[in-house]
Amino acid sequence: MTVSSNAPPEEKAPRNPYADRESLEFNFRARRFQNVRPLIEDALAEKRQIRILDLGGTEEYWKIGADFLNHHRQKLKITLLNLEAEQVEDTEMFHALSGDAADPDLFAGERFDFVHSNSVVEHVGNWERMIQFAENTKRLSRRYFVQTPNFWFPFEPHFRMPGFQYLPKAARIALVQRFQLGFFPRTPDPEEACDLVEHNTLISTRQMRRLFDDGHIVLEKFAFLNKSIMAMRTH
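The rules behind the values
- Residues numbered from 1 in each chain as written.
- Predicted model: local features only at pLDDT ≥ 70, side-chain atom pairs only at ≥ 80, totals over all residues.
- Heavy atoms only, no water.
- Helix = DSSP H or I, 4+ residues; strand = E, 2+ residues; numbered from the N terminus.
- Buried < 20%, exposed > 50% of the residue type's maximum accessible area, 1.4 Å probe, protein only.
- Areas by Shrake-Rupley, 256 points an atom, 1.4 Å probe, with all protein chains shown as cover.
- Salt bridge = Lys/Arg side-chain N within 4 Å of Asp/Glu carboxyl O.
- Patch = residues over 30% accessible without salt bridge, like charges linked within 9 Å, V, L, I, M, F, W, Y side chains within 5 Å.
- Lys, Arg positive; Asp, Glu negative; His and termini not counted.
- Charge placed at Lys NZ, Arg CZ, Asp CG, Glu CD.
- Arc of directions from axis to C-beta.
- Contact = heavy atoms within 4.5 Å.
- Polar contact = N/O pair within 3.5 Å; in protein donor to acceptor, adjacent residues only side chain to side chain.

Participant: Just checking my understanding: could you explain the overall build of the protein chain for this structure?
Facilitator: From N to C terminus, the protein chain includes 6 helices and 9 strands. Expressed as a percentage of its 235 residues, the buried residues of the protein chain come to 44%. For the protein chain, the exposed area adds up to about 13,000 Å²; of that, 52% sits on carbon and sulfur atoms.

Participant: Where do I start with the pattern of salt bridges in this structure?
Facilitator: For side chains of opposite charge, pairing can occur when their charged atoms come near one another. One pass over the full model with this rule turns up 14 salt bridges. One salt bridge in this structure joins R32 and E220, with 2.9 Å as the shortest N-O distance. Here E220 lies in strand 8 (residues 216–222) and R32 lies in helix 1 (residues 24–44), a separation of 188 residues in the sequence. Across the salt bridge formed by K138 and D213, the nearest N and O atoms sit 3.1 Å from each other. Here K138, found in helix 3 (residues 127–140), pairs with D213, found in the loop between helix 6 (205–211) and strand 8; they are 75 residues apart in sequence, far enough to count as distant. Counted as one network, the salt bridges with shared partners bring together D42, E46, R142 and R143.

Participant: Would you mind going over a negative patch on the surface with me for this structure?
Facilitator: On the surface, D189, E191, E192 and D195 cluster together into a patch of negative charge. Residue placement: E191 occurs in helix 5 (residues 190–198).

Participant: Where do I start with helix 5 in this structure?
Facilitator: The periodicity of an α-helix, 3.6 residues per turn, causes residues three or four positions apart to be oriented the same way. Every buried residue of helix 5 is listed here: A193, L196 and V197. Axial view of helix 5: buried residues confined to an arc of 95 degrees, hence all on one face. For helix 5, the exposed residues lying more than 90 degrees away from the buried face are E191 and E192. Next to the buried residues of helix 5 lie helix 4 (169–178). Structurally, the start of helix 5 carries an N-cap: the backbone nitrogen of E191 is 3.1 Å from a side-chain oxygen of D189.

The structure is reproduced here in structure tokens:
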């Protein structure tokens, strides 16, 4: 006798393409590192050991530059700042802290040789918090690299759905409540779904220029379209 069940099928955990060296996403990050490396080298030309602050970063991310980092490992101290401290394996190079990258008092009185952030500013919340994130980035070092996906690139990279970012907010919340999208499981609770949408808000090149008005803007392309936006300041 067969026993039937009305329980919904278990949802599989979304694959993380950023951990797959063969994935398109990993290779984009690796190419992006060619903009990061000169900033680190510039700082190393001034000091025997440098401090790097990675806002919202992970140890896994830095595998894109593993050969370069290992060559300079005695000279690099990388602080990873997240709302919850990351677990790190290489404690000689990496130091994980908990904190809010949009906190006006973040690392008050301290300076770093380089501030880095990859795909984080779009997650901090509303426009006011994005402004504070940018102010912290500019205040904490004279060198920075900040990357964010472009609002006008048609494929939304977090929910992994074409045109998702162009839908009305209510429609995005409804989709998140009903379906597993991208990196996120289905989120039936309306408040949680709303929070998820609000903390995945893509911005445009014009907005990026406003946030990082003292930096140089570079556009990363895919299929002749501007896929992401990079803001850099060298000195």
